[in-house]
Amino acid sequence: MSNQGIMQVFFDECDEQLSELESNLLALEGGEHNLEAINAVFRAVHSIKGGAGAFGMEELVRFAHTFETILDQVREGDLTPDATVLKAMLKASDVLTDLVRCARDGENVAVADVEIVMEQLNALNGTEAEKEIDESDDDFEIEFQPVPVCLDDIDCTDAGEFARFEISFRPRPMLYENGNDAVYLLRELRSLGEIEVQCDADALPTLDEIEPEGAFLTWQVTLHTNSDESKVREIFEFVQWDCDLSISAGNSLACGEAGIPDKVEAHLCNPAVGPADPGQFDAGSEHAETINSEAAVAPEKPSKSANIQATIRVNLERVEQLINLVGELVINQAMLEQQAEVAGLDRTSAICSGLNDLQKLTKEIQDGVMAIRAQPVKPVFQRMHRIAREAGEATAKIIRLVTEGETTEVDKTVIERLTDPLTHMLRNAIDHGLESPEARVRAGKPEEGTICLSANHRSGRVVIEIADDGAGIDREKVRSIAVARGLIEADTALEAEDIDNLIFRPGFSTAEQVSDLSGRGVGLDVVRRAVEKLGGRVSIASQPGIGTKITMSLPLTLAVQEGMLVDVADHTLVVPLAAILESLKPRSDMVNEIGLGKRLIKLQDSFVPLVDVAETLGFRKAGIDPTQGVALLVETPGGTRCVLLVDAIQGQNQVVIKSVERHFSRVPGIAAATILGDGRVALIADTEDLVAHHQSVPERIEPKLTAMG
Amino acid sequence: MGKTILSVDDSATMRAMLEETLSEAGFDVLLAKDGVDGLEVLERETPQLIITDINMPRLDGFGFIEQVRRSSNNRAVPIIVLSTEFDETKKETARNAGATGWIVKPFDPEKLVGAINRLTA
């Protein structure tokens, strides 16, 4: 794996850890004071710090370390995770998220923000911690603290200062138990210079008395080296408690030896490890026995391992390829079936029953492959907590965001494109939906406003709802704004629901003052557009004084689409079912010519532009007589209604979407292609583009006509 | 015959880095994502050396080392702790649990490999 690849692993892991971090912090905030949550939070930050350190991301390491220090105190019970502490931690998790993003995108970090939060964290910790951090910064410079290993970069031929050290060490059984060996240490010493070794086997018992796991040898080493004593000590650092050790400096071969002995004396023996203390030696042996007796006991079987789901990381491209192949398989299977029918094979024949099985299997494979791309909405939902926090701060509102159905799975692409509309809707709900705390109290509601974000599967689609317990839509205000913006006429009769839906219209924004938060003159029409681009729909329901609920219904996948198969000038065209509101057979009295060959169709009390699909796509020179065709009333993601005129309807079918843009340049009015059961290629219409391409009747005309109707 | 090293770390990044470093140095690498996972690997494998992290879910490095030292087939294997921590009391805990050495993350690949070679020669 390349360095780049490992870096990618790191950032993926960061995303996981950050989401783990936040969800556990939120659980703690919700009053769950369990140690496991605190440990998980600690580990998340710790992991990020570890990886960041490996890549030399200093900013990230520094911040993660400060954060970790606080978390460690909480973990040790020295700091109570009360509301203030948790708030600071959530803030810190936000900053950590930013730092990770900056590191990934190579952006500059807003240092001031980081410092502020860092100070807040340190404030929780008191002065002692700050000192610790300073020290630790230095420690990070040390890349390697090898024990019992030493640095290899000593050149023995170097004509530096040669010193002589007399080293005596007697391993205790513990040293061997810990997987070490005197020979490793001797090897380390040799790497520092020349050594003379003597082994003292006086303590070795006779064979019938020997304790096989005991340690009985003492090693005397004379080392000539140009390394200083600290290097020698370093070798024994990790084993100094596992052996009796003495190191003394002999005569230095170079000048300037006078001061050395004193200095060495001071370092000499660790008081805890007096040379050759028989009592301790025995204690060591006893310990060995305890361990031996325990060795008979089988190690505790991990019981929880079954709960952990094994996962693998797969390049998305491979999955895409698989999905494409399965798409081909589905088509191929359908073709075979059709051929069997054409050939007049008996339904009970072996071939037909085999084909039936094949169909079932293909369907299962298709579902299985789609499931690979499916991911829980949890990461997106979790990001919303931060949005809610920030929006709450900006508007001085008290908010509780409740999320439900986080495990609901949706196609990866759908999830990715869900973040923006969801963010927008949430901000909108906080900014315009919820009242200020004072207003809420006046209305007899709790100060804290609740927003519920939920996801669930409903009849093969994913339904995402965002419901607030705010004041509901002020219909009078919405209406007057719509009139002021020229969206409706002052006397247009509208149902309550129609008024609510006005807020999704382009150019509508209820904020009298464009707020910093949800709007920059951009309304919810952007949300609607994004959702409909995904083949989804948005609807709104509001009750004055009780709240507002916006519902998004989305397809589970973007690889397959429900489509209406229609005939257009000898071609089969697929119109996405999600765009079609209704289909009808136009009567001649419904059609109105408005000149320049443009026509409108009168539906109930409104006039809707008519688009002859065959003509627009260039299949035919002139449009057909509407009464000879079928009209499909569609609504584009932009909210424009339009009637598509086609020759006939073949039926409804699920189609596998194949991009055409890889092979051809963008074709106006065409979104993609598919392969039909009989192997023919059919184009999938892009309704919005079709309408825009046709674009003869300015959109603005529509409301005026509505009013006239 | 190539030497086998077991690396136990809950961080996918660290596992990827260790795998890269160690396999490049000619070792066979076994990976485990926490102590429990590590013990499972050790039920069927006998690596020449173990590198373990300390902070891990389910079973941390200290617990893992203790269990390895109590096991029947791998109790004498050298175990290097690879941790971002450098706290003396933690090191001592590791030592008491049975660790052979302690290396502070981030590690220098060359030096890590050198250390492994010396402990497995």
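Before any of the text, the structure's been laid out above.
Residues numbered from 1 in each chain as written. Chains lettered and ligands numbered in written order. Predicted model: local features only at pLDDT ≥ 70, side-chain atom pairs only at ≥ 80, totals over all residues. Heavy atoms only, no water.

(A) Main features of the overall build of chain A. Each helix and strand counted, chain A has 23 helices and 22 strands in total. In chain A, buried positions account for 46% of the 709 residues. Here the analysis covers contacts within chain A between residues at least 6 apart in sequence; of these, 70% occur between residues at least 24 apart. For chain A, the accessible surface area stands at approximately 36,300 Å², while carbon and sulfur atoms represent 50% of it. (Helix = DSSP H or I, 4+ residues; strand = E, 2+ residues; numbered from the N terminus. Buried < 20%, exposed > 50% of the residue type's maximum accessible area, 1.4 Å probe, protein only. Contact = heavy atoms within 4.5 Å. Areas by Shrake-Rupley, 256 points an atom, 1.4 Å probe, with all protein chains shown as cover.)

(B) Up close: the overall build of chain B. Within chain B, the regular secondary structure consists of 5 helices and 5 strands. Reading chain B from its N end, one meets helices and strands in the order β-α-β-α-β-α-β-α-β-α. Taking all 121 residues of chain B together, 67% fall into the buried category. Long-range pairs, those at least 24 residues apart, make up 61% of the contacts in chain B between residues at least 6 apart in sequence.

(C) Region of the structure containing unusual backbone geometry. One non-glycine residue, A:Ala569, lies in the positive phi region at around 45 degrees. Along the chain, the position of A:Ala569 falls in the loop between strand S12 (560-568) and strand S13 (571-576). A positive phi angle, near 65 degrees, is found at B:Arg58, a position not held by glycine. In this structure, B:Arg58 sits in the loop between strand S3 (49-52) and helix H3 (61-70).

(D) Structural view of the packing of aromatic side chains. All names here are of chain A. Counted under the stated rule, the structure contains 3 aromatic pairs over all chains. Where Phe10 meets Phe11, the ring centres are 5.2 Å apart and the plane angle is 50 degrees; that geometry is what we call tilted. With a relative accessible area of 1%, Phe10 lands in the buried category. Residues Phe10 and Phe55 carry aromatic rings whose centres are separated by 5.4 Å and whose planes lie at 45 degrees to one another, so their mutual orientation is tilted. A residue pair is termed long-range when its members are at least 10 positions apart, and Phe10 in helix H1 (residues 3-29) and Phe55 in the loop between helix H2 (35-54) and helix H3 (58-75) qualify at 45 residues. Take Phe55: its relative accessible area is 17%, and that puts it in the buried class. The cationic tip of Arg75 hangs over the ring face of Phe42; the distance from NZ or CZ to the ring centre is 3.7 Å. (Phe/Tyr/Trp six-rings, centres within 6.5 Å; stacked < 30°, edge-to-face > 60°. Lys NZ or Arg CZ within 6 Å of the ring centre and 35° of its normal.)

(E) Up close: the sheet that holds strand S2 (residues 193-200) of chain A. All names here are of chain A. Across the sheet, 4 strands lie side by side as S2-S3-S1-S4; this open sheet has antiparallel pairing. The sheet is open, and its two borders are formed by S2 and strand S4 (243-249), each paired with just one other strand. Within the sheet, the average angular offset between the axes of one strand and its neighbour, ignoring direction, is 15 degrees. When strand S1 (residues 163-171) meets strand S3 (residues 218-225), the two strands line up antiparallel, connected through 7 bridges. Residue pairing for S3: Ser168 is matched across the bridge by Gln220. Across the sheet, helix H8 (residues 182-190) lies against S1, S2 and S3, angled at about 150 degrees from S2, the strand it touches most. (Pairing = 2+ DSSP bridges. Axes fitted to C-alpha atoms, helices over the stretch in contact; angles between N-to-C directions.)

(F) Quick look at the pairing of strand S17 (residues 606-612) of chain A. All names here are of chain A. For S17, the tally of buried residues reaches 7 of 7 residues, placing the bulk of the element in the interior. In terms of strand pairing, strand S16 (residues 599-603) meets S17 through 4 bridges, oriented antiparallel. Across the sheet, Leu600 pairs through a bridge with Pro609, a residue of S17. The antiparallel hairpin formed by S16 and S17 contains 2 residues in its connecting segment, where Gln604 sits at a positive phi of about 45 degrees.

(G) View of the nonpolar core. With 62 residues, the main nonpolar core has A:Leu21, A:Leu60, A:Phe63, A:Phe67, A:Met89, A:Leu96 and B:Ile51 as its most contacted residues. Considering each element in turn, this core owes the most residues, 10 residues, to H1(A). When sequence neighbours within four positions are dropped, the list of residues in contact with A:Phe63 reads A:Ala92, A:Val95, A:Leu96, A:Leu99, A:Val114, A:Val117, A:Met118 and A:Leu121. With 45 residues, the next largest nonpolar core counts A:Leu453, A:Ile466, A:Ile481 and A:Leu554 among its residues. (Core = buried A, V, L, I, M, F, W, Y, C linked by side-chain atoms within 4.5 Å.)

(H) Here's a closer look at the sheet that holds strand S1 (residues 4-8) of chain B. Residues and elements named next belong to chain B. Strand order in the open sheet formed by 5 strands is S2-S1-S3-S4-S5, and the pairing between neighbours is parallel. Of all strands in the sheet, those bounded by a partner on one side alone are strand S2 (28-32) and strand S5 (101-104). Mean inter-strand twist for the sheet, computed between neighbouring axes without regard to direction, equals 20 degrees. Bridging between S1 and S3 involves 4 bridges; their strand directions are parallel. Bridge assignment links Val8 to a residue of S3, and that residue is Thr52. Those strands touched by H3 are S1, S3 and strand S4 (79-83), and its axis lies near 160 degrees from that of S3.

(I) Inspection of a nonpolar patch on the surface at higher detail. Residue and element names in this part refer to chain A. A cluster of nonpolar residues, Leu204, Leu207 and Ile210, forms a patch on the protein surface that exposes about 300 Å² of accessible area. Locating Leu204 in the fold gives a position in the loop between S2 and S3. Leu204 gets classed as partly exposed once you look at its relative accessible area, which sits at 42%. (Patch = residues over 30% accessible without salt bridge, like charges linked within 9 Å, V, L, I, M, F, W, Y side chains within 5 Å. Salt bridge = Lys/Arg side-chain N within 4 Å of Asp/Glu carboxyl O.)

(J) Just helix H12 (residues 316-342) of chain A, in detail. Residue and element names in this part refer to chain A. The terminal C-alpha atoms of H12, which comprises 27 residues, lie 39 Å apart, in line with the 39 Å expected from a rise of 1.5 Å per residue. Here H12 has its buried residues at Val319, Ile323, Val326, Gly327, Val330, Ile331, Gln333 and Ala340. The inward-facing, buried residues of H12 contact helix H13 (350-373), strand S20 (648-656) and strand S21 (670-675). The residue sitting at the N-terminus of H12 and contributing the capping side-chain oxygen is Asn315; that oxygen lies 3.0 Å from the backbone nitrogen of Glu317. Gly344 lies just past H12 and shows a positive phi near 70 degrees. (Expected span 1.5 Å × (residues − 1). Polar contact = N/O pair within 3.5 Å; in protein donor to acceptor, adjacent residues only side chain to side chain.)

(K) Structural context of the packing of helix H2 (residues 35-44) of chain B against H3(B). Residue and element names in this part refer to chain B. Running from N to C, H2 and H3 cross one another at 20 degrees; their axes reach a closest spacing of 9 Å. It follows that H2 is roughly parallel to H3 by the angle criterion. Here H2 runs over H3; the crossing is right-handed. The residues of H3 that touch H2, namely those facing Gly35, Gly38, Leu39 and Leu42, are Phe64, Gln67 and Val68. Of the residues contributing to the contact of H2 with H3, the split by class is 4 nonpolar, 3 polar and no charged. (Parallel < 35°, antiparallel > 145°, perpendicular 65-115°, else oblique. Left-handed = near helix turned anticlockwise from the far one by under 90°. Nonpolar A, V, L, I, M, F, W, Y, C, P; charged D, E, K, R; others polar.)

(L) The arrangement of the pattern of salt bridges in detail. All names here are of chain A. Counted by the stated rule, this structure contains 30 salt bridges over all chains. The shortest N-O distance in the salt bridge between Glu22 and Arg389 comes to 3.0 Å. Of this pair, Glu22 sits in helix H1 while Arg389 sits in helix H14 (residues 378-395); the two residues are 367 residues apart in sequence, bridging distant segments of the chain. Under the relative-accessibility criterion, Glu22 is labelled buried at 9%. Residues Arg620 and Asp647 are paired through a salt bridge, measuring 2.9 Å at the closest nitrogen-oxygen approach. With a gap of 27 residues between them, Arg620 in the loop between helix H21 (613-616) and strand S18 (630-635) and Asp647 in the loop between strand S19 (641-646) and S20 connect regions that are remote in the sequence. A relative accessible area of 25% means that Arg620 is categorised as partly exposed.

(M) Looking closely at the side chain of A:Arg43. You can see A:Arg43 is positioned in helix H2. In this structure A:Arg43 comes out as buried when scored by relative accessible area, which is 14%. In this structure A:Arg43 touches A:Glu36, B:Asp10, B:Asn55, B:Met56 and B:Pro57, once residues within four positions along its chain are discounted.

(N) Looking closely at helix H20 (residues 525-533) of chain A. All names here are of chain A. Residues of H20 that are buried include every one of Asp525, Val527, Arg528, Val531 and Glu532, and no others. Along the long axis of H20, the arc covered by the buried residues comes to 155 degrees, so they all point the same way. Trailing H20 by a residue or two, Gly535 shows a phi angle of about 80 degrees, which is positive. (Arc of directions from axis to C-beta.)

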